[in-house]
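Here's the letter readout for the chains.
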Amino acid sequence: MLRHALLQAAAAVVGEVGYANASIALITAKVGVAQGTFYNYFDSRQDILDALLPTLGDKMLAHIKECARDGADFAEIENSGFRGFFSFLKETPHFFRILNEAESFAPGGHKRHFENVARKYLHLFQRLKRGGEFPAYTEEELEVVVFVLMAARSYLALRYVYGNEQNGDLPDWVAGTYMKFVRYGLQGVPPASQPSVSANELKTRKKPKISA
């Protein structure tokens, strides 16, 4: 389908030269069609740029869903989905640039992408909560958790995939650390191995002296 081919070409062009320099001429040249053909599928240059991130985002979500489909509980689903996100980045190296530049150059597409990702992620949390997981969290609080975990993916990619040592692979120990945080944080209570402190104990503890 030519519309799909134009979107693929736009992704490649933006990945190479950025949104600001992505012209209709460059996009159509990659597909091998006349510029006039472009307007059979998109109203303008901005139209295709706004469609780019949501289209790639749907592809990303489908990839993550496939990676995590055999998970029995949240920990398994999140571990597989988290790793799936990074395998998608490796397979689609231009995605991260498209994602990061979209807020400035394709704000409409950026907004649709994040709303779509957050909505589907939250639906997963709500479904698992109905099945008995996250007893210490309200549904309102789970929305906060969704955005925390979405942000974690972006910043971990920025540091450990696109940092000084760029090889396209997330170190396994980083994924393990992320899951350690997720498992304990989503319990909503201190781990059983850490003894809790009563309110009376806190009152009787001496306050540390603060030097002037």
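**Brief notes about the pattern of salt bridges**
Applying the stated criterion across every chain, the model contains 8 salt bridges. Residues glutamate 66 and arginine 69 are paired through a salt bridge, measuring 2.7 Å at the closest nitrogen-oxygen approach. Judged by its relative accessible area of 46%, glutamate 66 is partly exposed. The partner of aspartate 70 in a salt bridge is arginine 69, with the nearest N and O atoms 3.8 Å apart. Assessed through its relative accessible area of 55%, arginine 69 is described here as exposed. Beyond isolated ion pairs, a larger network of salt bridges with shared partners links Glu66, Arg69 and Asp70.

**Structural notes on the confidence of the model for the protein**
Any region with low pLDDT has predicted coordinates that should not be read closely. Chain-level statistics for the protein give a pLDDT mean of 88 and a share of 84% at 70 or above. For the stretch residues 195-199, pLDDT sits under 50, and the model shows 3 contacts to residues farther than four places along the chain or on other chains.

**Remarks on the packing of aromatic side chains**
Think of a pair of aromatic rings as described by two things: how far the centres are apart, and how the planes are tilted against each other in angle. One pass over the full model with this rule turns up 13 aromatic pairs. A ring pair is formed by tyrosine 160 and tryptophan 173, whose centres lie 5.6 Å apart and whose planes are at 80 degrees; its orientation type is edge-to-face. With tyrosine 160 in helix α8 (residues 139-160) and tryptophan 173 in helix α9 (residues 172-185), this residue pair connects regions lying 13 residues apart in the sequence. Taken together, Phe74, Tyr121, Phe125 and Phe134 form an aromatic cluster joined through their ring pairs.

**Focus: the environment of leucine 128**
Among the structural elements, leucine 128 can be located in helix α7 (residues 107-130). With a relative accessible area of 9%, leucine 128 lands in the buried category. Expressed as a C-alpha distance, the spacing of leucine 128 and phenylalanine 74, which sit 54 residues apart in the sequence, is 7.1 Å. Excluding anything up to four places from it in sequence, leucine 128 contacts Phe74, Ile77, Glu133 and Phe134.

**A short note on helix α4 (residues 45-68)**
Relative to the 34 Å expected for 24 residues at 1.5 Å per residue, α4 spans 36 Å between its end C-alpha atoms, a close match to the ideal helical length. At leucine 52, α4 shows its maximal kink, close to 25 degrees; a proline, proline 54, follows between one and four residues later.

**Some words on the nonpolar core**
Among the nonpolar cores identified, the biggest contains 59 residues, and Tyr19, Ile48, Phe86 and Phe125 are the most heavily contacted of them. Contributing elements (two or more residues each) for this core: α1 (2-17), α2 (24-31), α4, α5 (74-91), α6 (95-105), α7, α8 and α9. For this core, the element with the most residues is α4, which contributes 10 residues.

Analysis parameters
- Residues numbered from 1 in each chain as written.
- Predicted model: local features only at pLDDT ≥ 70, side-chain atom pairs only at ≥ 80, totals over all residues.
- Heavy atoms only, no water.
- Salt bridge = Lys/Arg side-chain N within 4 Å of Asp/Glu carboxyl O.
- Buried < 20%, exposed > 50% of the residue type's maximum accessible area, 1.4 Å probe, protein only.
- pLDDT = per-residue confidence, 0-100.
- Contact = heavy atoms within 4.5 Å.
- Phe/Tyr/Trp six-rings, centres within 6.5 Å; stacked < 30°, edge-to-face > 60°.
- Helix = DSSP H or I, 4+ residues; strand = E, 2+ residues; numbered from the N terminus.
- Expected span 1.5 Å × (residues − 1).
- Bend = angle between axes of the 7 residues up to and from the residue.
- Core = buried A, V, L, I, M, F, W, Y, C linked by side-chain atoms within 4.5 Å.

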